Amino acid sequence: MGNRKEINENRMGTIIIIPQGMMGSYARESLLETALRQIAIKYSNDPDIEWAEKYGTKYEDGRFMMHPYCWCGKDECKWCGDAQHPNFFYKPIGIKVWWYKYIGRGMDIEPDNITNGQVAEMLNDLLNN
Ligand SMILES: [Zn+2]
């Protein structure tokens, strides 16, 4: 891991600095995991009580939906039943993420060709607007 940094600047002028070491095969998942934790903290009503950084939070608006992993096991549940709703859905570019119990654990990501630039754009949109 070197000292060089990659800098990604979006149209809002916000800068996200990605350490060069994150640009390997797990780069996208690492950046996405960081993004999800920050989004959960920002949109949680009480990030300490629900431990939003670890589990996520329940939130939905016109731009995105987040829902913690659900343990209810009911067939009619959108997250436990056949519907298999994602734990995170960013609507403008259709990013969907599923995780097992905790953000970052066993994550499934759709579509599978999301770029770090798109993740950074999403993060800037949700954290700065
Ligand atoms: Zn459930």
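Residues numbered from 1 in each chain as written. Predicted model: local features only at pLDDT ≥ 70, side-chain atom pairs only at ≥ 80, totals over all residues.

*Asks:* If you had to explain the overall build of the chain to someone new, which residues and values would you point to?
*Replies:* Of the regular secondary structure elements, the chain holds 3 helices and 7 strands. Put simply, the chain runs from its N terminus to its C terminus through helices and strands in the order β-β-α-α-β-β-β-β-β-α. Expressed as a percentage of its 129 residues, the buried residues of the chain come to 20%. (Helix = DSSP H or I, 4+ residues; strand = E, 2+ residues; numbered from the N terminus. Buried ≥ 20, exposed ≤ 12 C-beta atoms within 10 Å, placed from the backbone.)

*Asks:* Provide a residue-level description of the environment of Gly94, including the pertinent values.
*Replies:* On the secondary structure map, Gly94 appears in the loop between strand S5 (88-90) and strand S6 (95-98). Judged by local crowding, Gly94 falls into the exposed class, with 10 C-beta atoms found within 10 Å. Separated by 17 residues in the primary sequence, Gly94 and Pro111 place their C-alpha atoms 7.7 Å from one another.

*Asks:* Explain the nonpolar core residue by residue, including any values.
*Replies:* Among the nonpolar cores identified, the biggest contains 18 residues, and Leu32, Ala35, Leu36, Ala40, Val97, Val119 and Met122 are the most heavily contacted of them. Put simply, the parts of the chain that give this core at least two residues each are helix H1 (27-43), S5, S6 and helix H3 (116-128). The element contributing the most residues to this core is H1, with 6 residues. (Core = buried A, V, L, I, M, F, W, Y, C linked by C-beta atoms within 7 Å.)

*Asks:* Describe in detail unusual backbone geometry, supporting the description with residues and values.
*Replies:* Among all residues except glycine, the phi angle is most often negative; among peptide bonds, the trans geometry is most common. In this structure, Pro111 follows Glu110 across a cis peptide bond, with omega equal to -10°. The phi dihedral of Lys101 falls on the positive side, at around 65°, and the residue is not glycine. Relative to the helices and strands, Lys101 resides in the loop between S6 and strand S7 (108-110).

*Asks:* Help me get a handle on H3, residues and values and all.
*Replies:* In this model, H3 (13 residues) spans 18 Å end to end at C-alpha, consistent with the 18 Å of a helix rising 1.5 Å per residue. Among the residues of H3, Val119, Glu121, Met122, Leu123 and Asn124 are the ones counted as buried. (Expected span 1.5 Å × (residues − 1).)

*Asks:* How would you explain the sheet that holds S5 if you had to name every residue and give the values?
*Replies:* If you trace the 5 strands from one edge of the open sheet to the other, you get S3-S4-S5-S6-S7, paired in antiparallel fashion. The sheet is open, and its two edges are formed by strand S3 (59-60) and S7, each paired on a single side. (Pairing = 2+ DSSP bridges.)

*Asks:* Tell me about the pairing of S6, and name the residues and values.
*Replies:* Only one face of S6 is buried: it carries Ile95 and Val97, and the other face, with Lys96 and Trp98, is open. Alignment of S5 against S6, held across 3 bridges, turns out to be antiparallel. Across the sheet, Phe89 pairs through a bridge with Lys96, a residue of S6. What sits between the antiparallel neighbours S5 and S6 is a turn of 4 residues, in which Gly94 has the positive phi angle 65°. Strand direction decides the pairing type here: S6 and S7, joined by 3 bridges, are antiparallel. The residue of S7 that forms the bridge with Lys96 is Glu110.

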